[in-house]
Amino acid sequence: MRYLPLTDTDRAAMLEVVGARSIDDLYGDVPQDVWCEELLDLPLHQGEIEVERALSAMAEKNLHGGNAPFFLGCGAYRHHVPAAVDALIQRGEFLTSYTPYQPEISQGTLQMLFEFQTMVAMLTGMEVANASMYDGASAAAEAVLMASRVTRRRRAVVSGGLHPHYRDTVSTYVRHADLEVVTLPMAVQEADLESQIDGSTACVVVQIPDIFGRLHDFSALADACHRAGALLVVAVNEVVSLGLLTPPGDMGADIVVCEGQSLGNSLGFGGPYVGLFATRKRHVRQMPGRLAGETVDADGRRGWVLTLSTREQHIRREKATSNICTNSGLCALAFTIHLALLGEHGLARLAALNHEAAQRTMERLIAINGVSTPNDGFFNEFTIELPGPAAEVVDQLAERGILGGVPLSRFEPANGALANLMLVAATELTTTGEIDALAGALQEILS
Amino acid sequence: MSGMTSGGHRGLVMDEPLLFELDGGGRSGVDLPEPEGRTPKLGGVRPRQAIGLPGVSEPEVIRHFTRLSQKNYAIDSGLYPLGSCTMKHNPRLNEKVVRLPGFAMAHPLQPQATAQGCLELIATLAHWLTTLTGMQGVAMSPAAGAHGEFAGLMCIRAALTARGDARRRILVPESAHGTNPATAALCDYRVNTVPCDARGRVDLAAFERALDDDVAALMLTNPNTCGLFETDIMTISGMLHSAGAFLYADGANFNAIVGRVRPGDLGVDAMHINLHKTFSTPHGGGGPGSGPVVLCEELLPFAPLPRIKADGDDWQLIERDSDGRAFGRLRAFHGQMGMFVRALAYMMSHGADGLRQVAEDAVLNANYVLARLSGAYNAPFPGPCMHECLFDDRNLKDTGISTLDIAKAMIDEGYHPMTMYFPLIVHGAMLIEPTETESRQSIDRFCDVMVHLADEARKGNQELFHSAPRFAPWKRLDETAAARRPVLTWTPDTT
Amino acid sequence: MGKRLYSREHEWIDVDDGIGTVGISDYAQEQLGDVVFVELPESGHEVESGDELCVVESVKAASEVYAPVSGEVVEVNDALGDDPAEVNANPYGSGWFVWIRLANAGELDELMDEDAYREYLGELA
C-alpha cells in the first residue's frame, strides 16, 4: 500500500522489540468476542488510477458553475479565485501543519492568522476578530450565545431577513441555553424590529444583504439596541459586499459575523467554508474561538502566539465560551491570500463588478412580462417575483441546463407568500451569454 | 531586532514583515476589468469609503506567503508526534479529486436532480462510515469533532425527552478532551468527572457510584487519551444501558481500531469521527475538520437536518423531516463536502484491507516507541498501548528540567514536540502518536533523539534545555505579555 | 488593620471595621504563575461564603477564587485591569481583589491564622 512504509520484515522486527508474538497480542485489551475476524464488507484497496476514475465519474454527474449558466447565491457564491491562492494553500507547510500550539515552529500560520484577524476587523469595521469559525451560520449562533453572556440577558430577537438556515442554526445552538428566541416572519413586508426590543433583550440579529437581497442601514436600530442595553449582531453572508457597502461596524454593530467563502474558497457543495467573527475590544474575553496575538520572543523579536486561551475548552472545559476547537484554518488562509491579492482597490473593483453584473441581470429579467422585483437596493443578488411557483421554474430551467436561482419556497414550502419568489445572484464571473441564456429560457417558460 | 545580519534574514530563514507593511499604495495582485461606472442601487445604504487594505502585487503575495510557510513545521517536513491529534501523511490524490469542478463548483442549493453526483458521494462515504463502525446511520453535517459531539448529545437529549425521561447529568472521565465537558455544558448538562484508576482506565467503582437515573450519557474516548483501550468497555456500556443512559464515544482515536473493532459492537450509541484524524484530511494549520456522527437506531430519528436518502436509483436531500423529530440544523449547508471527497478517496485507496492495516501499523509503531523509550522515560501505565503511548515526567524529577523543556529541545532536534501536559491525570504528560505513515527508520531516528535528550536531562545539562529552542526561527515567545496586553490586530500606529 | 486570615482555598481576608479586604495568598500566586487577567465582580454583588468571587487567569489556567466570607462586595480593585502582575508582585498589598462588607463576622472563626495556614501548607507539600 503506497501510504504505508512498514514492510513485513519491519513488522516482524518491531514486534520482536515490543516483545509481542503477533499484532493480535497488541489488541489483547480488546474483548476478543468483538474482534472483527473477517474484513468488513467494503471494497479492497485501489490504485490512484481507479480511485480518480471512480470519483471523476461521480463529479461528472453534476451540473455546476463551470458547465452551466449560473445564478445561485443565497449564502454561497461563485467567484473567480486567482490561481495563486490554490498554489499557495497547497504548500505542505500550510496544508499539513496542525494548530499552532508550538509558536517557535508555527510562525507561518500564526502570522497569517494575525493578518486574517486584522483584515476581518478592517472589512467589518470592528476592532477585533477571531481566527475563524466553521461558517457564517454557526458564527451567528455563537454570536447570540456571546451576546447573552455579555448582557446577562436571555432574549434574542431575530430579523425575518436572516437566512433561514442561519435562523435554524441559531435556534438549534441556543435550544438548551435558557434563551428565548423571537423570530420575525420571513416576509417581503418587513416587521418592525425596534418595537421588539425591551429591557430583557440580549441582542437583535439582522442580515445585510438580507435574505431577499435588500440593503438596510442599521444605524438607527443600533441606537435603539444600545438605548435598551442590548447588542446588535449583524450577519453578512456575502463578504464581497463589504467592498462596496458601509461596514456594519460603522452602523454601530457590536458583533459582526460573516460567511467568508466568497474570498478564496470554492462553492464545494456547501463546505468547508469560513466563518468570520468580529466584535468590540471590550467584549473580547467573551468571544468564542482561537485568537492570535502579537508578542516578542526571548531575543525581543516580534512574533505571534495563540492567546487568551483561558476562554477555550482545552483549558476552561465546561466553563469555556464555546466548545469549538478545530476551526477553518486553511479556508482562512485562502481568504487571506485572495484578499491580499485584491488589496484595497481590487476589492472595491470586484464589488463594483458584482453590483453591475446584478444590475444588468435584473434589468433583463424584469423586462420579461410578468417578472418584477421588490428590491430597490441590492448588492449582487436580488429577488424576482414570478407569475407562478418559482420552484417549478427553477426545475424547468435546470432541465434546460441552467442553474437559474434559488426558489425561496425551498426554505418554507408552506409559506404561500414566498411561493413565487426566486433569488438570483450574479458575480464578476457572470457573462452576457449566461444572462442571455437565463432571460431567454425564462421568457420561454413563462410564455 | 534584526538578529545577526543587516537585513534580518538568516540564510534561508527570511524575516518577513506583515502584509500591511508591504503596502505599495495602488498596487494589486489581480487584473479585473474596468466597471462600467453605473450608478449604484444600494437602497438606503451609503457606499463605503476606505477599508485600509494594503496594495500588493502577485509576486509579492507569492513571496510573502511562501516565506510564511517556511516558518511552519508540517507532517510533510517531519514526524509530528502529537498524541490524540493523528498527524499522518495527507495523500495528494485527495487534493486533486476535491478540485474536480463537479465537486468544487457545485452549489449547495442547486436543484437536487442536478447534484446527484455530490449526493452519491456523501451517501457512499456514509456507507463506509456506518460499515466501519457497525452503526445504523450517520449524521454528516457536523463541521468538526466538537460539532459532532454537539450533534450526538443533542440527539441523546432529544431521545430522552421523547422517552419522557429528562436527565441532567453527563459523566466525563478525567482524561477526556476539553471539548467533552464544554459540549455537555452547551447542551445544559451538568458535568460529573469520573476518576481514572491506577491502570489509566475509568475507575469502574467510581463510575458505578456516579451512575444513576439522572445520568444522560457517559462521554468516553476509546482508546482513551492515555492511549489505552478501556478493557471494561462491555461492562460500562451494559451498565449505562441498564440505567437507561447512553454511551457517547469520542471518536478522536478511532484510527487505532478501524477495521479491527466496530464501536457498535462495544455498545456505543453515538460517536463522532474526525475525518481529519482517522481518514487523513489535512489539518491545514487548525482546520477545517469534519465530524460526522454515527448513531444507533434509537437516536437516528433525532439526527440533524439535512439528511440524504435513497429514492430508487436517485439520492434525495431531506431538508425538513416529516415527523418533526430532527433536533435542528447545525450550519448553513450540508456538511464539509471538501473533506468528504478527500476522506472517501483515502478510504477507497486503502480499502477494507488497507484500513485494517492502518490500525495495526499505527498500533505497532506506537508500541515500538513505547518499548524503545521505556528505559529513558517513565511510562505510568504498562503496555501494550494502542495508537499512542504516554509518559510522565517522573524520570525528570530533580533534574530541573520539565516536560516543556524536553519539548523545546525536541524543536532544536528537528521534531515537533509531542502532546504535552495532556491528559491531565499524569504529571508532566508526554503523549506520543507516531501514526502508521512513519517508517521504522524514521521512528528509530526519533527514538534515538528522545533517548539522547533524556540522557542529557539526567546529566543535568540545563543549558541545553533552558535555552531551547536555539535553532528554531524564533526563541521562546512571551505568552504572558501577549495575554496581559492583547494585540490582536495590526494598526498603522503599531508599526 | 486587623490580622490576616486564610481559607483552605488560599484566599486571605483582612478585616477592618466590618469590611474585609480579600486576595489570594503568596502560595496561590506562586502556584498559578504569571497572572494575566483577573475577572472581578461588580460592586454591590452579594456573595455567600464559598461562592465563586473572581476568576484569576494565567496563560494556561483559570482558577476560581471563592468568597471566604458572606457579604456584599463594596469595592473592587480596578487597577488589576491594567496591571494584573500586581497579584504576583504584591499579593498582600496592591494585588488585593475586593472589599467585602461582612454579613456574619462569626464566619471568620472558620478561617486559619498565619501559623495555622503555614502548617496547612506544610501538609500540602
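Residues numbered from 1 in each chain as written. Chains lettered and ligands numbered in written order. Predicted model: local features only at pLDDT ≥ 70, side-chain atom pairs only at ≥ 80, totals over all residues. Heavy atoms only, no water.

A few points about the overall build of chain B
Link 1 in the chain: The helix and strand inventory of chain B stands at 13 helices and 12 strands.
Link 2 in the chain: Once the C-alpha set of chain B is aligned to its principal axes, its extents read approximately 75 × 70 × 45 Å.
Link 3 in the chain: Among the 495 residues that make up chain B, the fraction classed as buried is 66%.
Link 4 in the chain: Summarising the internal contacts of chain B: among those between residues at least 6 apart in sequence, 70% fall at separations of at least 24.
Link 5 in the chain: Carbon and sulfur atoms provide 50% of the accessible area of chain B, an area that totals close to 15900 Å².
Link 6 in the chain: Separation between the mean location of the 46 positive side-chain charges and that of the 56 negative ones in chain B comes to 3 Å. (Helix = DSSP H or I, 4+ residues; strand = E, 2+ residues; numbered from the N terminus. Buried < 20%, exposed > 50% of the residue type's maximum accessible area, 1.4 Å probe, protein only. Contact = heavy atoms within 4.5 Å. Areas by Shrake-Rupley, 256 points an atom, 1.4 Å probe, with all protein chains shown as cover. Lys, Arg positive; Asp, Glu negative; His and termini not counted. Charge placed at Lys NZ, Arg CZ, Asp CG, Glu CD.)

Details of the sheet that holds strand E1 (residues 137-139) of chain B
Residues and elements named next belong to chain B.
Link 1 in the chain: With mixed pairing, 7 strands are arranged side by side in an open sheet as E1-E7-E6-E5-E4-E2-E3. Each end of this open sheet is capped by a strand with a single partner; those strands are E1 and strand E3 (190-194). Across the sheet, the mean angle separating the axes of adjacent strands is 25° when strand polarity is ignored.
Link 2 in the chain: Contacts from helix H4 (residues 116-133) reach E1, strand E6 (270-272) and strand E7 (293-295) within the one sheet, and its direction differs from that of E1 by about 125°.
Link 3 in the chain: Sitting on the sheet, helix H5 (residues 145-163) touches strand E2 (169-173), strand E4 (215-221), strand E5 (246-250), E6 and E7, and the angle it makes with E5 is about 175°. (Pairing = 2+ DSSP bridges. Axes fitted to C-alpha atoms, helices over the stretch in contact; angles between N-to-C directions.)

Some thoughts on the pattern of salt bridges
Opposite charge on two side chains makes pairing possible when the charged atoms of those side chains draw close.
Link 1 in the chain: Under the defined criterion, the tally for this structure stands at 60 salt bridges over all chains.
Link 2 in the chain: In this structure, Glu412(A) engages Arg167(A) in a salt bridge whose closest nitrogen and oxygen atoms are separated by 2.8 Å. Here Glu412(A) is found in the loop between strand E11 (406-407) and strand E12 (421-425), whereas its partner Arg167(A) is found in helix H8 (residues 164-173), with 245 residues between them in sequence. The exposure classification of Glu412(A) matches that of Arg167(A), with both residues buried.
Link 3 in the chain: Among the salt bridges present, the one from Arg316(A) reaches Glu57(C), with a minimum N-O distance of 3.3 Å. With Arg316(A) in helix H11 (residues 313-316) and Glu57(C) in strand E6 (residues 52-57), this pair bridges two chains.
Link 4 in the chain: With relative accessibility at 13%, the residue Arg316(A) sits in the buried group.
Link 5 in the chain: In the salt-bridge network here, residues are joined through shared partners; they are Asp24(A), Arg260(B), Arg356(B) and Glu360(B). (Salt bridge = Lys/Arg side-chain N within 4 Å of Asp/Glu carboxyl O.)

Description of the side chain of Thr151(A)
Residues and elements named next belong to chain A.
Link 1 in the chain: Tracing the backbone through its elements, the reader meets Thr-151 in helix H7 (residues 136-151).
Link 2 in the chain: Side-chain polar atoms of Thr-151 contact the backbone oxygen of Ala-147, separated by 2.7 Å.
Link 3 in the chain: If sequence neighbours within four positions are ignored, Thr-151 has contacts with Ala-202, Gly-229 and Leu-231. (Polar contact = N/O pair within 3.5 Å; in protein donor to acceptor, adjacent residues only side chain to side chain.)

Description of the sheet that holds strand E9 (residues 98-102) of chain C
All names here are of chain C.
Link 1 in the chain: What the 6 strands build is an open sheet, ordered E1-E2-E3-E9-E8-E5; its pairing is antiparallel. Looking at which strands have only one partner, the edges of the open sheet turn out to be strand E1 (5-6) and strand E5 (46-47).
Link 2 in the chain: Pairing of E1 with strand E2 (residues 11-16) involves 2 bridges; the strand directions are antiparallel. When the sheet's bridge partners are listed, Tyr-6 is paired in E2 with Trp-12.

Quick look at the interface of chain B and chain C
Link 1 in the chain: Contacts between chain B and chain C engage 5 residues on the former and 9 residues on the latter.
Link 2 in the chain: Counting each side, the surface lost to burial between chain B and chain C is near 570 Å², with a carbon and sulfur contribution of 48%.
Link 3 in the chain: Across the contact surface, chain B and chain C share 1 salt bridge.
Link 4 in the chain: A salt bridge links Lys60(C) to Glu479(B); the nearest nitrogen and oxygen atoms lie 3.4 Å apart.
Link 5 in the chain: Our count for the chain B to chain C interface comes out at 5 residue pairs in polar contact (both at pLDDT 80 or more).
Link 6 in the chain: Residues belonging to the side of chain B that touches chain C are distributed by class as follows: 1 nonpolar, 1 polar and 3 charged. (Buried area = accessible area lost by both parts, 1.4 Å probe. Nonpolar A, V, L, I, M, F, W, Y, C, P; charged D, E, K, R; others polar.)

Description of the side chain of Arg201(B)
Link 1 in the chain: You can see Arg201(B) is positioned in the loop between E3 and helix H7 (204-210).
Link 2 in the chain: Owing to a relative accessible area of 7%, Arg201(B) belongs among the buried residues under this scheme.
Link 3 in the chain: A polar contact of 2.8 Å, which involves the side chain of Arg201(B), links it to the backbone oxygen of Phe229(B).
Link 4 in the chain: When sequence neighbours within four positions are dropped, the list of residues in contact with Arg201(B) reads Asp29(A), Pro195(B), Cys196(B), Asn224(B), Leu228(B), Phe229(B), Glu230(B) and Thr231(B).

Comments concerning helix H6 (residues 107-124) of chain A
Residue and element names in this part refer to chain A.
Link 1 in the chain: An ideal rise of 1.5 Å per residue puts 26 Å on 18 residues; H6 measures up with 25 Å between its terminal C-alpha atoms.
Link 2 in the chain: The element H6 is extensively covered by neighbouring structure, given that 18 of its 18 residues are classed as buried.
Link 3 in the chain: Of the residues trailing H6, Gly-125 is marked for its positive phi of about 75°. (Expected span 1.5 Å × (residues − 1).)

A closer look at unusual backbone geometry
Residue and element names in this part refer to chain B.
Link 1 in the chain: Cis rather than trans, the peptide bond between Leu-305 and Pro-306 has omega equal to -5°.
Link 2 in the chain: Assignment of secondary structure puts Pro-306 in the loop between E7 and strand E8 (307-311).
Link 3 in the chain: Omega for the peptide link from Gly-383 to Pro-384 comes to 0°, which places this bond in the cis form.
Link 4 in the chain: Checked against the element boundaries, Pro-384 lands in the loop between helix H9 (337-373) and strand E10 (389-391).
Link 5 in the chain: With phi around 70°, Asp-398 is a residue other than glycine that occupies positive phi space.
Link 6 in the chain: Tracing the backbone through its elements, the reader meets Asp-398 in the loop between E10 and helix H10 (403-412).
Link 7 in the chain: Located in the positive-phi region is Thr-435, a residue other than glycine, with phi close to 70°.
Link 8 in the chain: Inspection of the secondary structure assignment puts Thr-435 in the loop between strand E12 (430-432) and helix H11 (440-459).

A short note on the interface of chain B and chain A
Link 1 in the chain: At the junction of the two partners, chain B supplies 205 residues and chain A supplies 193 residues.
Link 2 in the chain: Summing the contributions of chain B and of chain A, the shared interface buries around 17500 Å²; its carbon and sulfur component is 63%.
Link 3 in the chain: Area buried by chain B at its contact with chain A is led by Arg48(B), Arg260(B) and Leu488(B), which between them contribute 5% of it.
Link 4 in the chain: For Lys408(B), the salt bridge identified is with Glu104(A), shortest N-O distance 2.9 Å.
Link 5 in the chain: There are 104 residue pairs in polar contact (both at pLDDT 80 or more) connecting chain B and chain A.
Link 6 in the chain: At 26 residues, the largest contribution of residues to the side of chain B that touches chain A is made by H9(B).
Link 7 in the chain: The class makeup of the residues in the side of chain B that touches chain A is 108 nonpolar, 55 polar and 42 charged.

Thoughts on the domain arrangement of chain B
Residue and element names in this part refer to chain B.
Link 1 in the chain: The domains assigned to chain B are domain 1 (93-348) and domain 2 (353-481).
Link 2 in the chain: Taken together, the 28 residues of domain 1 in the interface contact 20 residues of domain 2.
Link 3 in the chain: When the buried area of domain 1 at its contact with domain 2 is split by residue, Cys-226, Asn-255 and Arg-260 rank highest and sum to 25% of it.
Link 4 in the chain: One salt bridge in this structure joins Glu-360 and Arg-260, with 2.8 Å as the shortest N-O distance.
Link 5 in the chain: At the surface where domain 1 touches domain 2, the tally comes to 7 residue pairs in polar contact (both at pLDDT 80 or more). (Domains from an automatic or database assignment.)

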